[in-house]
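Take a look at the letters that make up each chain.
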Amino acid sequence: MIAHKDPMHILLADDDEDDRAFFSEAIMELKMDNKLTLFTNGNGLMDYLVLPDIKLPHILFLDLNMPGKTGIECLKEIRANTRFKDVSVAIYSTSSSEKDIEDTFIEGANIYIKKPNDFSALKKVIKEVINMNWQFHTSGLNIETFFFSI
Amino acid sequence: MKFLKLFKNSQVFKLALGVAILVVCYFGSKFFSQMQKLTSTLELIAKSNDTQLELEKLLSIINSYDYSLRNYIITNDESYLQNRFLNRGIIEEGIKKLKVLTVNDPLRKKDILTLEKLINYRFKLFRETLIAAKSNNVDQLGLKLKLKRSNDYTEMMKLFVYKVINSERLKAKFQNSNHQFELQDSLMTAFLLIILSLLILLLSFNKTNIDIEALKEANDKLKLLNESFNTAEKTAGFGHWMVNLETNTYTFSDNLYRLMGVEPNAFEPNLENTIKYFHPDDLEYVTKVHRESLINHQSTSIVFRFLTATNEVRYIMGVGSFTKDGNGDLIKIGVNYDITNQYKKTLELEENNKELKYINTELESFNNIVSHDLQEPLRKIQMFISRLEEKEFDVLSQQGRDYFSKVRVAANRMQTLLIDLVNYSRTVKGDKVFVETDLNKMITETLIDLSINVEEKNAVIQIGKLPTIKAIPFQIKQLFINLVSNSLNYSQETQIPKISITSEIITEEEASEYKIINKEDYYKIVVADNGIGFKQEYAEKIFLLFKRLETDPKYSGTGLGLAICSRIVDNHNGFIWAKSQPNEGAKFSIFLPKVDMV
């Protein structure tokens, strides 16, 4: 499904400036052939996604607590639209509450990542998620494997 | 029960009385008929005597007539003959009398007719004799013959009369003896009658006496019951009332008056007099409910307020229901219960509940602050530390590197503390859902979570077969995580850490320590290690919040881990017990009930 020759198109929606910086630094340091687009809130993300002539991303990293449209609202809208059926959604949040994990799982997110507190761990997570065989991951998905543990 | 018996008794008594009266009536009528018989016997005797007397009289007249005739024949004196018609009249009269006397006796009647014929014939003889004697030339021979014949006839008449008299006498004698017998019989009956009447009188008196006694006793009991009921009402804060729907009369119990703040019987019990003791706001509602119930006869249950004579507000729970009294009249019985205290307590509880809810919300938001808002900047700090460590560590002086390492350790410690605090607060929170939980699965998940730490310490973990229990899964997992982490943390540097998690049989000593009556009711899970251990005297302290035994910085710990364990076991209605000696490892025994005892 994903042509490996193509540069991966990755989106990140996160209102925290530092987290966006950590994320892009990590992507940069990973030196993978990726295209990263950053959004500072959910509304911006959704405005972008509904544009007709964009190239759809491969993976969307989605923060949950954002001003305006929250992560879960964005997730619901994305999953309600068949145009985005091939977009993998990785929840990227500080929270590791059971409720958030369960809700996003039910709404159709593909993986749940708790923001690490170590930069090398962050790099490891991003690397693994980007290289993940989504088809394989999704076919065996359950609430236990949904939560990504480093 | 006793009343029933009494009733039955009185039924039996009524029956006995009825029988006795019947017997008395029987004897009475018998006595009456005996008396009548006695009278008729006496009459018979009197008649018999009269008959005899009359017969004698007839005979004597005949005789005297005979003498008069003979005297005339001898003396030829006419004066002897002057009474002869008179005598004949007396005889006619006597015969008439005799006929009346013997009207009921056919045999005797016949005798009298015979006698009448005899007398008539005798008088014919008298006349013939007289004619013979009066003629001028007296046929002496014929006269003698006539006299002789007259004489013989008289004798024959005498014999007949005496025979009749004798037979009358016999009859009278028989009647007399009969009379004697009947007299005795009647006396006996009269005696029996009197005895029986006396007996009935005595029995009735006795029965009445007994009934009065029983009634008195029942009355006393009723009085006592009433009194204790009054006391009970007073003590329990109850009052009751009744209204007879037919007569529209009300009855109030003493305590109902007291509930209204007045003395018992302070006013005539009726709705109008009570109205002023209802709280003005409730009056309309209460009277409406009451009046409607009097029409549709449905039970009522309301809560209202009395405004007592002393201006005190009392909350009253009133229930009313319908029944029929002894006369079959429909009555409504109501019970009013003073619930002022309960009401106030409920208000207080509601207030407390509100406060508790508020505190809970506060706690919740505090948890959120700890779990999210506090962790967020900490995570950033840690991220920047890792960035600095990677990029700028080399440019720092040795002292700068030392400081920097300490910053990192402190930040990590703060993170652990925050995680533990969140975990602890999660064990306090209310959402405790018990489900079938396989402890084997819980321990497997625990070891996956702790795999890095286990590998780091090269620990050997031994797991026995564990049961499946009703539990809160995430708490049980937390329990295992904390206990295994604890064992890993406090391992001895000189030995490879060995940790075993097994299910064991409860010993007698443990059963008595925890007052476990039936050992089969509990599971016992043991987490044992070969770590540094502790003095047995601290076995209870280690479960207290923020209580740490080791102060050496090489043993990291927040003082929350075992406190969380204790809470979790508590949430499952179980016990946890630690046993240890310094440098001899520690053994944690967890007792969890088999059946859900929540």
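Think of each chain on its own: its residues are numbered from 1, step by step along the sequence as written. Following the order in which they are written, the chains are lettered starting with A and the ligands numbered starting with 1. This being a predicted model, a pLDDT of at least 70 is required before a residue's local features are given, and a value of 80 or more before pairs of side-chain atoms are given or counted; all residues contribute to the totals for chains, interfaces and linings.

Brief notes about the overall build of chain A
- Put simply, DSSP H or I for four residues or longer makes a helix, DSSP E for two residues or longer makes a strand, and each gets a number counted from the N terminus. Within chain A, the secondary structure is distributed over seven helices and six strands.
- When the helices and strands of chain A are listed from N to C terminus, the series reads β-α-β-α-β-α-β-α-β-α-α-α-β.
- Whether a residue is buried, exposed or partly exposed follows from its count of other C-beta atoms within 10 Å of its own C-beta, namely 20 or more, 12 or fewer, or something in between, respectively; the C-beta atoms are built from the backbone. Each of the 150 residues in chain A was classed as buried or not, and the buried ones make up 33%.

A word on the overall build of chain B
- Looking only at helices and strands, chain B has 14 helices and twelve strands in total.
- The buried share of chain B, reckoned over its 598 residues, is 21%.
- Whether two residues are in contact is decided by their C-beta atoms, placed from the backbone, lying within 7 Å. Contacts in chain B between residues far apart in sequence, at least 24 positions, make up 67% of those at least 6 positions apart.

With respect to the UniProt feature "transmembrane region" (unreviewed entry) in chain B
- UniProt positions are given in the numbering used here, feature names are shortened, and annotations may be inferred rather than shown by experiment. Feature annotation in UniProt assigns "transmembrane region" (unreviewed entry) to the following positions: residues 12–29 and 187–205 of chain B.
- Strand forms 0% of residues 12–29 of chain B and helix 100%; the C-alpha atoms that close the span are 26 Å apart.

Structural notes on the nonpolar core
- Counting 38 residues, the largest nonpolar core has Phe480 and Cys565 of chain B as its most contacted members.
- Sorting the residues of this core by element identifies helix H10 (439–449), strand S8 (468–471), helix H12 (473–489), strand S9 (498–504), strand S10 (522–529), helix H14 (561–571), strand S11 (575–580) and strand S12 (586–593) of chain B as the ones contributing at least two each.
- Not counting residues within four places of it along the chain, the set of residues in contact with cysteine 565 of chain B comprises Leu479, Asn482, Leu483 and Ile576 of chain B.
- Formed by 35 residues, the second largest nonpolar core is a distinct cluster that contains Leu12, Ile72, Leu75 and Ala90 of chain A. Defined on buried residues, the nonpolar core groups Ala, Val, Leu, Ile, Met, Phe, Trp, Tyr and Cys residues joined through C-beta atoms within 7 Å.

Observations concerning the environment of asparagine 65 of chain A
Residues and elements named next belong to chain A.
- You can see asparagine 65 is positioned in the loop between strand S3 (59–62) and helix H3 (71–79).
- A count of 16 C-beta atoms within 10 Å places asparagine 65 in the partly exposed class.
- Sequence separation between asparagine 65 and serine 93 is 28 residues; the distance between their C-alpha atoms is 7.7 Å.

A short note on the pairing of strand S2 (residues 249–252) of chain B
All names here are of chain B.
- Sheet topology note: the strand S1 (residues 238–244)/S2 ladder contains four bridges and is antiparallel. The residue of S2 that forms the bridge with methionine 242 is threonine 251.
- Counting the residues in the hairpin turn of S1 and S2 gives four residues, including asparagine 248, whose phi is positive at 55°. Strand pairing is assigned whenever DSSP detects at least two bridges linking the two strands.

Looking at the sheet that holds S2 of chain B
Residues and elements named next belong to chain B.
- The strand order S2-S1-S5-S4-S3 describes an open sheet built from five strands, whose pairing is antiparallel. Edge positions in the sheet fall to S2 and strand S3 (300–307), since each of these pairs with one other strand and no more. Taken over all neighbouring pairs, the strand axes of this sheet differ in orientation by 25° on average, direction set aside.
- Bridge count for S1 against strand S5 (residues 330–338) is seven bridges, and the pairing is antiparallel. By the bridge assignment for S5, histidine 240 is matched with valine 335.
- Each of S3, strand S4 (313–324) and S5 touches helix H7 (residues 280–296); the most contacted strand, S3, lies at about 145° to it. Only C-alpha atoms enter the line fits that serve as axes; for helices the fit covers just the stretch in contact. Angles between N-to-C directions range over 0 to 180 degrees.

Here's the deal with the UniProt feature "modified residue: 4-aspartylphosphate" (unreviewed entry) in chain A
Residue and element names in this part refer to chain A.
- According to UniProt, the "modified residue: 4-aspartylphosphate" (unreviewed entry) feature falls on Asp63.
- Within the secondary structure layout, aspartate 63 lies in the loop between S3 and H3.
- Under the C-beta neighbour-count criterion, aspartate 63 is labelled buried, with 25 such atoms within 10 Å.
- Not counting residues within four places of it along the chain, the set of residues in contact with aspartate 63 comprises Ala13, Asp14, Asp15, Gly71, Tyr92 and Ser93.

Some remarks on the pairing of strand S4 (residues 88–93) of chain A
Residues and elements named next belong to chain A.
- In terms of burial, S4 is largely enclosed, as six of its six residues are buried.
- Burial along S4 is two-sided: Ser88, Ala90 and Tyr92 facing one way and Val89, Ile91 and Ser93 facing the other are all buried.
- Taken together, the four bridges between S3 and S4 define a ladder with parallel strand orientation. Its bridge partner being in S4, leucine 60 is matched across the sheet by valine 89.
- The parallel pair S3 and S4 is bridged by H3, and the resulting crossover is right-handed. When the strands point away from the viewer, a crossover counts as right-handed if the path from the first strand over the helix to the second runs clockwise.

Overview of the confidence of the model for chain A
- Per-residue pLDDT for chain A has a mean of 86; in total, 90% of the residues score no lower than 70.
- Confidence of the predictor in every single residue is expressed as pLDDT, which spans 0 to 100. In the model of chain A, helix H6 (residues 134–139) of chain A stands out as the element of lowest mean pLDDT, 68, in contrast to S3 of chain A, which has the highest, 94.

Thoughts on the sheet that holds S3 of chain A
Residue and element names in this part refer to chain A.
- With parallel pairing, six strands are arranged side by side in an open sheet as S2-S1-S3-S4-S5-S6. Looking at strand neighbours, the two that pair on one side only are strand S2 (34–39) and strand S6 (147–148), the edges of this open sheet.
- Bridge analysis of strand S1 (residues 8–13) against S2 gives six bridges, and the strand direction is parallel. When the bridges of S2 are listed, isoleucine 10 appears paired with leucine 36.
- Its contacts with the sheet put helix H1 (residues 17–30) on S1 and S2, and the angle it makes with S2 is roughly 175°.

Concerning the confidence of the model for chain B
- When pLDDT is averaged along chain B, the result is 84, and 96% of the positions lie at 70 or above.
- Across the interfaces of the predicted complex, the ipTM metric reaches 0.84, alongside a pTM of 0.51.

With respect to the environment of isoleucine 126 of chain A
All names here are of chain A.
- Mapped onto the secondary structure, isoleucine 126 falls in helix H5 (residues 119–130).
- On a C-alpha basis, the gap between isoleucine 126 and alanine 26 in space is 7.8 Å, while along the polypeptide they are 100 residues apart.
- Those residues in contact with isoleucine 126 that sit more than four places away from it in its chain are Ala26, Ile27 and Leu30.

Topic: unusual backbone geometry
All names here are of chain B.
- With phi around 55°, asparagine 248 is a residue other than glycine that occupies positive phi space.
- By the element assignment, asparagine 248 lies in the loop between S1 and S2.
- Taking the number of C-beta atoms within 10 Å as the measure of exposure, asparagine 248 has 10 and is therefore exposed.
- At asparagine 573, a residue that is not glycine, the phi angle is positive and equals roughly 60°.
- Residue placement: asparagine 573 occurs in the loop between H14 and S11.
- Taking the C-beta count within 10 Å as the criterion, asparagine 573 has 14 such neighbours and is therefore assigned partly exposed.

Concerning the environment of aspartate 420 of chain B
All names here are of chain B.
- Following the sequence through the fold, aspartate 420 ends up in helix H9 (residues 398–428).
- Distance from aspartate 420 to leucine 560, taken between C-alpha atoms, is 6.3 Å for residues 140 residues apart in sequence.
- The residues touching aspartate 420, leaving out its near neighbours within four places in the chain, are Thr558, Leu560, Gly561 and Ile564.

Section: the packing of H10 of chain B against H12 of chain B
Residues and elements named next belong to chain B.
- Contact geometry for H10 and H12: axes closest at 9 Å, N-to-C directions at 55°. Judged by the inter-axis angle, H10 sits oblique to H12. At the point where H10 passes H12, the crossing takes the right-handed sense. Contacts between H10 and H12 involve Leu439, Met442, Ile443, Glu445, Thr446 and Asp449 on the former and, on the latter, Pro473, Ile476, Lys477, Phe480, Ile481 and Val484.
- Gly falls in the polar group here, along with every residue not listed as nonpolar (Ala, Val, Leu, Ile, Met, Phe, Trp, Tyr, Cys, Pro) or charged (Asp, Glu, Lys, Arg). Of the residues assigned to the contact of H10 with H12, the class counts are eight nonpolar, one polar and three charged. Here the word oblique covers every angle except those under 35 degrees (roughly parallel), over 145 (roughly antiparallel) and from 65 to 115 (roughly perpendicular). Each crossing gets its hand from how the near helix is turned against the far one by less than a right angle, where anticlockwise is left-handed and clockwise is right-handed.

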